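Notes for the structure review
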Amino acid sequence: MKHSRPRLPDIIDRNDLVPPGKRRVGQIVSLAAWMVWIYLLTPIIALIGWALGVGLFERHILNDPMGTLQAIQIYGLVILIAGLIFISWAGYNWLRFHNHERRHAPPPIGPQELARRFCISPQEAEEIEQQRIVTVHFNDGAEIIDIVPEDPAPTGSHRTTIPSSPPPEPASS
């Protein structure tokens, strides 16, 4: 039996595939369920609040509105000063560093430097540089022990083994 459109499972996990009307109804049902759940938990929330001293909130905040207003003003002033400090610092950094790129890629190295750094011959370094894909095997001392070109080179070069170290041992499982 051929279907003209793909079959969707009974439960759709992708919200973008649900029609907007069904999505809205689902959101309303979910909101109502959460409201019922919170209503059922209200006695436990009240018990926890009583144990943690919610009465202190009433005594210090609601019964002393001028003290609360004064504390809010002090907090607002501290937030304003901190914001001005951060904005000033950002402006200073922008003025100091905009249009000044300090990060640069390292310069490319040639085959001579590559040969020197990896203790290989300049010919082997040139072979590595000329190949598109090369597998380089290292020993435990991080010395190159084998160079395997993956693409055949136009000059007909083949696998190069560096004689200074023994070939790698196959890993046993």
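Bear in mind the structure is a predicted one, so any value in this text is a computation, not a measurement.

Our next topic: helix 1 (residues 20–52). Its axis deflected by about 50° at T42, helix 1 carries its strongest bend there, up to four residues before the proline P43. Looking one or two residues beyond helix 1, the residue adopting positive phi is G53, at roughly 90°.

What follows covers the confidence of the model for the chain. The predicted structure's coordinates, where accompanied by low pLDDT, should not be read in detail. Per-residue confidence for the chain averages 81 on the pLDDT scale, and 80% of its residues sit at or above 70. When pLDDT is averaged over each helix and strand of the chain, the minimum, 53, is found for strand 3 (residues 160–161) and the maximum, 93, for helix 3 (residues 65–97).

Attention now goes to the pairing of strand 1 (residues 134–138). Where strand 1 meets strand 2 (residues 144–149), five bridges bridge the pair, whose relative direction is antiparallel. Considered in strand 2, the bridge of H137 is made with D146.

Our focus in this paragraph is the nonpolar core. If you look at the biggest cluster of nonpolar residues, it comprises six residues: L114, A115, I120, A125, I144 and I147. Counting residues per element, the ones that place at least two in this core are helix 4 (111–118) and strand 2.

Moving on to helix 3. Given a rise of 1.5 Å per residue, 33 residues ought to cover 48 Å, and the 47 Å separating the end C-alpha atoms of helix 3 matches this to within 8%. Following helix 3 by one or two positions, N99 has its phi on the positive side, about 60°.

Here we come to the pattern of salt bridges. Summed over the entire model, instances satisfying the criterion amount to three salt bridges. Note that R103 is salt-bridged to E101, the shortest N-O span being 3.7 Å. We classify R103 as exposed; its relative accessible area is 71%. Given the relative accessible area of 52%, E101 is considered exposed. Taking the shortest distance from any N to any O, the salt bridge between R116 and E113 comes out at 2.5 Å. Of this pair, R116 and E113 both sit in helix 4, three residues apart, roughly one helical turn. Judged by relative accessible area, which is 57%, R116 ranks as exposed. Several salt bridges converge on common partners, so that one network encompasses E113, R116 and R117.

Definitions and cut-offs
Residues numbered from 1 in each chain as written. Predicted model: local features only at pLDDT ≥ 70, side-chain atom pairs only at ≥ 80, totals over all residues. Heavy atoms only, no water. Bend = angle between axes of the 7 residues up to and from the residue. Helix = DSSP H or I, 4+ residues; strand = E, 2+ residues; numbered from the N terminus. pLDDT = per-residue confidence, 0-100. Pairing = 2+ DSSP bridges. Core = buried A, V, L, I, M, F, W, Y, C linked by side-chain atoms within 4.5 Å. Buried < 20%, exposed > 50% of the residue type's maximum accessible area, 1.4 Å probe, protein only. Expected span 1.5 Å × (residues − 1). Salt bridge = Lys/Arg side-chain N within 4 Å of Asp/Glu carboxyl O.

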